[in-house]
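Structural overview
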Amino acid sequence: DARVTQTPRHKVTEMGQEVTMRCQPILGHNTVFWYRQTMMQGLELLAYFRNRAPLDDSGMPKDRFSAEMPDATLATLKIQPSEPRDSAVYFCASGSGTIEDTQYFGPGTRLTVL
Amino acid sequence: RKEVEQDPGPFNVPEGATVAFNCTYSNSASQSFFWYRQDCRKEPKLLMSVYSSGNEDGRFTAQLNRASQYISLLIRDSKLSDSATYLCVVNRGYSTLTFGKGTMLLVSP
């Protein structure tokens, strides 16, 4: 049963620290998405990759957030420096890239910045 | 106007009831539509796609009205296990999805 995996599942850190979240997409999927979910805003798209190339990161605060795909089996989302307002659940999802695309979500990383 | 709007609820219904959710979207060029389900503290999962002709999957029926730009989900014979948040989702092109904030359903015994 293929699944998207994410690490860590929970992260508590102090303001100003660097946070790195990792995602392993489903093997064979060529699209990868990073989302952030909060009670106030719901699910927001932060970044989107197709065939490892970043296509859209307009939803991401550029000054502190960065997203990369060093290879087809790993996507990373980094926050440096972290702030309390970054506290949220960060989901990674992958898909096959078709118009009827179903996105499969990982279990999420629950981030708390103190 | 938000891209995808839903009534946040919660909808409180007894087991066996029929419940319907609606959702409106703003981009008339949207090409595909979905309902996702999200359980508490879990990830969203695809419930069903929504087609113009309407589609049914067991107790669940989804409808799309392109002229009015709304999507509906009907759940018949509600079960306790249907308690969750239902997310209306619109594909805005290039495989990117826009999610509504969700409608919470609570089914009670």
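Located above this text is the structure these notes cover.
The structure reproduced in this document is the subject of the present report. Values in this document were obtained by computation on a predicted structure and should not be read as measured data.

On to the overall build of chain A, then. Assigned secondary structure in chain A consists of zero helices and 11 strands. Along the chain direction, N to C, the helices and strands of chain A fall in the order β-β-β-β-β-β-β-β-β-β-β. Taken over C-alpha atoms, the radius of gyration comes to 13 Å for chain A, in line with the 13 Å a tight globule of 114 residues would show. The principal-axis extents of the C-alpha atoms in chain A amount to approximately 40 × 30 × 30 Å. Every one of the 114 residues in chain A was classed for burial, and the buried ones make up 45%. When the accessible area of chain A is evaluated, it comes to approximately 5,700 Å², of which 51% is carbon and sulfur surface. Side chains of chain A carry 12 positive and 13 negative charges; the gap between the two charge centres is 4 Å.

With that settled, the discussion passes to the overall build of chain B. Helix and strand counts for chain B stand at zero helices and 11 strands. For 109 residues, the compact-globule formula gives about 13 Å, and the C-alpha radius of gyration of chain B, at 13 Å, lands near that figure. A burial count over chain B gives 48% of its 109 residues as buried. Expressed as a percentage of contacts within chain B between residues at least 6 apart in sequence, the contacts between residues at least 24 apart total 55%. Considering chain B, the positive charge centre built from 12 side chains and the negative charge centre built from 10 side chains are found 5 Å apart.

Right, let's get into the nonpolar core. Generally speaking, a soluble globular protein has its nonpolar side chains buried in company with each other. Grouped together as the largest cluster of nonpolar side chains are 23 residues, with contacts concentrated most on F21, W35, I71, L73, I75, Y86 and L105 of chain B. Of all the secondary structure elements, the ones that give two or more residues to this core are β3 (19-25), β4 (32-38), β5 (44-50), β7 (60-65), β8 (70-75), β9 (84-91) and β11 (103-108) of chain B. Contact partners of I71 of chain B, with chain neighbours within four places excluded, come to F21, N22, C23, Y25, F33, W35, V50, Q63, L64, C88 and V90 of chain B. Among the nonpolar cores identified, the runner-up in size contains 22 residues, and V32, L46, A47 and I79 of chain A belong to it.

Time to look at the interface of chain A and chain B. Contact with chain A, which involves 22 residues of that partner, is made by 20 residues of chain B. Surface buried jointly by chain A and chain B totals about 1,700 Å² across both partners, of which 51% is contributed by carbon and sulfur atoms. At the junction of chain A and chain B, the tally comes to zero salt bridges. Where chain A touches chain B, the interface holds three residue pairs in polar contact (both at pLDDT 80 or more). Contributions of two or more residues to the side of chain A that touches chain B are made by β4 (31-38) and β5 (42-50) of chain A. Of the residues forming the side of chain A that touches chain B, the biggest block, five residues, is contributed by β5 of chain A. Residue composition of the side of chain A that touches chain B, by class: 10 nonpolar, eight polar and four charged.

Criteria and cut-off values
- Numbering of residues begins from 1 in every chain and follows the order in which that chain's sequence is written.
- Naming scheme: in the order in which they are written, chains are lettered from A and ligands are numbered from 1.
- Only residues with pLDDT of at least 70 get local features here, since the model is predicted, and only at 80 or more are side-chain atom pairs given and counted; chain-wide, interface and lining totals rely on the full set of residues.
- Side-chain metrics in this entry use all non-hydrogen atoms of the structure; hydrogen atoms and water are not considered.
- Helix and strand definitions here come from DSSP, where helices need a minimum of 4 consecutive H or I residues and strands a minimum of 2 consecutive E residues; each element is numbered from the N-terminal end.
- Atoms counted for the radius of gyration: C-alpha only. Globule rule: 2.2 Å times residue count to the power 0.38.
- For every residue, the accessible area (1.4 Å probe, protein chains only) is compared with the maximum for its type, and the residue is labelled buried under 20%, exposed over 50%, or partly exposed between those bounds.
- A 1.4 Å probe and the Shrake-Rupley method give the accessible areas. Residues count as covered only by the protein chains that appear here.
- The sign given to each residue is positive for Lys and Arg and negative for Asp and Glu; His and the chain ends receive no count.
- A charge is said to be at NZ when it belongs to Lys, at CZ for Arg, at CG for Asp and at CD for Glu.
- By definition, residues are in contact when any of their heavy atoms lie within 4.5 Å.
- Among buried residues, the Ala, Val, Leu, Ile, Met, Phe, Trp, Tyr and Cys ones that are joined through side-chain atoms within 4.5 Å form a nonpolar core.
- The term buried area denotes the loss of accessible surface (1.4 Å probe radius) that occurs when two parts are joined, taken as the sum for both partners.
- Every case where a carboxyl oxygen of Asp or Glu lies within 4 Å of a side-chain nitrogen of Lys or Arg is listed as a salt bridge.
- Any pair of N or O atoms that falls within 3.5 Å is considered a polar contact. Within protein, one atom must be able to donate a hydrogen and the other to accept it, and sequence-neighbouring residues count only if both atoms are side-chain atoms.
- Only Asp, Glu, Lys and Arg are considered charged in this grouping, and only Ala, Val, Leu, Ile, Met, Phe, Trp, Tyr, Cys and Pro are considered nonpolar; every other residue, Gly among them, is considered polar.

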